[in-house]
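Listed below are the residues making up each chain.
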Amino acid sequence: MSRVICAGHVNWDVTLRVDSLPDPDGEATVESRVGAGGGSAANVASGLVGLDVPATLLGSVGDDEHGHAAIAELASKGVDCRHVVSTDDGPTTVKYVVVDAKGEVFVLGSPGVNEVFEASALPKSALAEADHLHLTSQAPATAAELARRASAVGTTVSFDPGRRIGDRGYTEALRQVDFVFLNDREAATALGDSGNGGSVGDALDNATLVLKHGPKGAEVRDGDDTHVHPGYPVDAIDTTGAGDAFAAGFIASRIDGATYERALAIANACGALTAAEPGARTQLSWRRLDDLVEAI
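Heads up: these notes are all about the structure in this document. Note that the coordinates shown come from a computational prediction; the quantities given were computed from them, not determined experimentally.

Conventions adopted
Residues numbered from 1 in each chain as written. Predicted model: local features only at pLDDT ≥ 70, side-chain atom pairs only at ≥ 80, totals over all residues. Heavy atoms only, no water. Pairing = 2+ DSSP bridges. Helix = DSSP H or I, 4+ residues; strand = E, 2+ residues; numbered from the N terminus. Axes fitted to C-alpha atoms, helices over the stretch in contact; angles between N-to-C directions. Contact = heavy atoms within 4.5 Å. Parallel < 35°, antiparallel > 145°, perpendicular 65-115°, else oblique. Left-handed = near helix turned anticlockwise from the far one by under 90°. Nonpolar A, V, L, I, M, F, W, Y, C, P; charged D, E, K, R; others polar. Right-handed = clockwise from strand over helix to strand, strands pointing away. Salt bridge = Lys/Arg side-chain N within 4 Å of Asp/Glu carboxyl O. 1 Å grid on protein atoms, 1.4 Å probe; cavity = no way out; pocket = protein on both sides within 12 Å on 5 of 7 lines; lining within 4 Å. Points joined across faces, edges and corners; volume = space filled by probe spheres on them. Phe/Tyr/Trp six-rings, centres within 6.5 Å; stacked < 30°, edge-to-face > 60°. Lys NZ or Arg CZ within 6 Å of the ring centre and 35° of its normal. Buried < 20%, exposed > 50% of the residue type's maximum accessible area, 1.4 Å probe, protein only. Lys, Arg positive; Asp, Glu negative; His and termini not counted.

## Considering the sheet that holds strand β8 (residues 132–136)
Two pairing modes exist for strands in a sheet, parallel and antiparallel, and in both the strands are linked by backbone hydrogen bonds.
Step number 1: Spatial ordering of the open sheet is given by β5-β4-β1-β8-β9-β10-β11-β12-β13, a layout of nine strands whose pairing is mixed. Edge positions in the sheet fall to β5 (80–87) and β13 (225–229), since each of these pairs with one other strand and no more. Neighbour to neighbour, the strand axes of the sheet diverge by 15° on average, direction disregarded.
Step number 2: Across two bridges, the pairing between strand β9 (residues 156–160) and strand β10 (residues 179–183) is parallel. For Phe 159, the partnering residue across the bridge sits in β10 and is Val 180.
Step number 3: Sheet strands touched by helix α4 (residues 140–152): β1 (4–7), β4 (55–62), β8 and β9. Its angle to β8, the strand with the most contacts, is close to 170°.

Listed below in structure tokens is the structure:
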């Protein structure tokens, strides 16, 4: 039985390290090129199993070389992939992640099948047995249905909607979740400068907000209560996947009863470790976190 189910994107990432991010009509030198598994839901599931939390993945890949490699990599780490849909309707989604010497990132995505899975691919029994459901970028109707089904069986739900929170129609899903993860740019879109983001902002009224401030730490806004952690100073090498590692640390801590302050400390440590190393998936473990967080 998995304690956490992660639903959303399963991709193949091609990471290009460049000397600098080019301006329009500019050029950069590619210093290295590496292919590996990626995707927000897959990254969180991988992080969770590294933190000794059994995790199941719900998503979709193409029946192709990249899809087979992505699933094999996850399974080798202990992620339960039995509910990942393999389809011949199109290719596995490939993301081209361009990273400069400061760790800044931009992403180029190719069309693929990472959103063809449906909520029905996950049995009701799996949701009922899980402690938590974590949603990431996916088709809005699928996210809403999964959140509704989880709530109906008493399973808590978190959602990290990603950079397209303002234009993907996630309002229905956001109304049904317990926790929402947002970085500063996403929070500005969702909440607006005045704290009122219209329909998206209204949908967040009953959710606990987990706000990621990058190198400045993170905070939890639970009703009128705010909990803050300042983060950890690290030299960023590649920020790809840092937010997913943060989510894994936060979820792993909370399902074991950690306070918000402790959950933020662990989440920030996971994000910092990931940002300090190349690639979207740093191998998380409680032993590695000892260097940043006391008395784990």
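## Re the packing of helix α8 (residues 242–254) against helix α9 (residues 260–275)
Step number 1: For the pair α8 and α9, interaxial distance at closest approach is 7 Å and the crossing angle is 150°. As summarised for this structure, α8 and α9 are arranged roughly antiparallel, according to the angle between their axes. By crossing handedness, the relation of α8 to α9 is classed as right-handed. When α8 is examined against α9, the residues Ala 242, Ala 245, Phe 246, Gly 249, Phe 250, Ser 253 and Arg 254 are found in contact with a partner set consisting of Tyr 260, Ala 263, Leu 264, Ile 266, Ala 267, Asn 268, Cys 270, Gly 271, Thr 274 and Ala 275.
Step number 2: Of the residues contributing to the contact of α8 with α9, the split by class is eleven nonpolar, five polar and one charged.

## Concerning the pairing of β5
Step number 1: Where β4 and β5 come together, six bridges link them in parallel fashion. Note that in β5 the partner of Leu 58 across the bridge is His 83.
Step number 2: Remark: the β4/helix α2 (residues 65–77)/β5 crossover connection has right-handed handedness.

## A few points about the pattern of salt bridges
Step number 1: Counted according to the given criterion, the structure contains eleven salt bridges.
Step number 2: Between Glu 73 and Arg 281 there is a salt bridge, with the nearest N and O atoms lying 3.4 Å from each other. Remark: Arg 281 occurs in the loop between α9 and α10 (286–289) and Glu 73 occurs in helix α2; sequence separation between them is 208 residues.

## Observations regarding the layout of surface pockets
Step number 1: There is about 200 Å³ of room inside the second largest pocket.
Step number 2: Lining the second largest pocket are 13 residues, with Thr 15, Val 34, Ala 36, Gly 279 and Ala 280 positioned closest to its centre.
Step number 3: With five residues, the single largest contributor to the lining of the second largest pocket is strand β3 (residues 30–38).
Step number 4: Considered class by class, the residues forming the lining of the second largest pocket number four nonpolar, five polar and four charged.

## Some words on the packing of aromatic side chains
Step number 1: Inspection of the entire model under this criterion finds five aromatic pairs.
Step number 2: Aromatic ring contacts, followed pair by pair, group Phe 179, Phe 181, Phe 246, Phe 250 and Tyr 260 into a single cluster.
Step number 3: Above the plane of the ring of Tyr 260 lies Arg 254, whose end atom (NZ or CZ) is 4.0 Å from the centre.

## Let's talk about unusual backbone geometry
Step number 1: We note that Asp 25 has phi near 65°; this positive angle belongs to a residue other than glycine.
Step number 2: Asp 25 sits in the exposed class, given a relative accessible area of 85%.
Step number 3: Even without a glycine there, the phi angle at Asp 52 is positive, about 65°.
Step number 4: Note that Asp 52 resides in the loop between α1 (40–50) and β4.

## Quick word on the side chain of Asp 244
Step number 1: Summarising the element assignment, Asp 244 is placed in helix α8.
Step number 2: An unpaired buried charge is present at Asp 244: no salt bridge exists, and Lys 212, the closest side chain of opposite charge, is 6.2 Å distant.
Step number 3: Discounting chain neighbours no more than four positions away, the residues touching Asp 244 are Ser 40, Asn 43 and Val 44.

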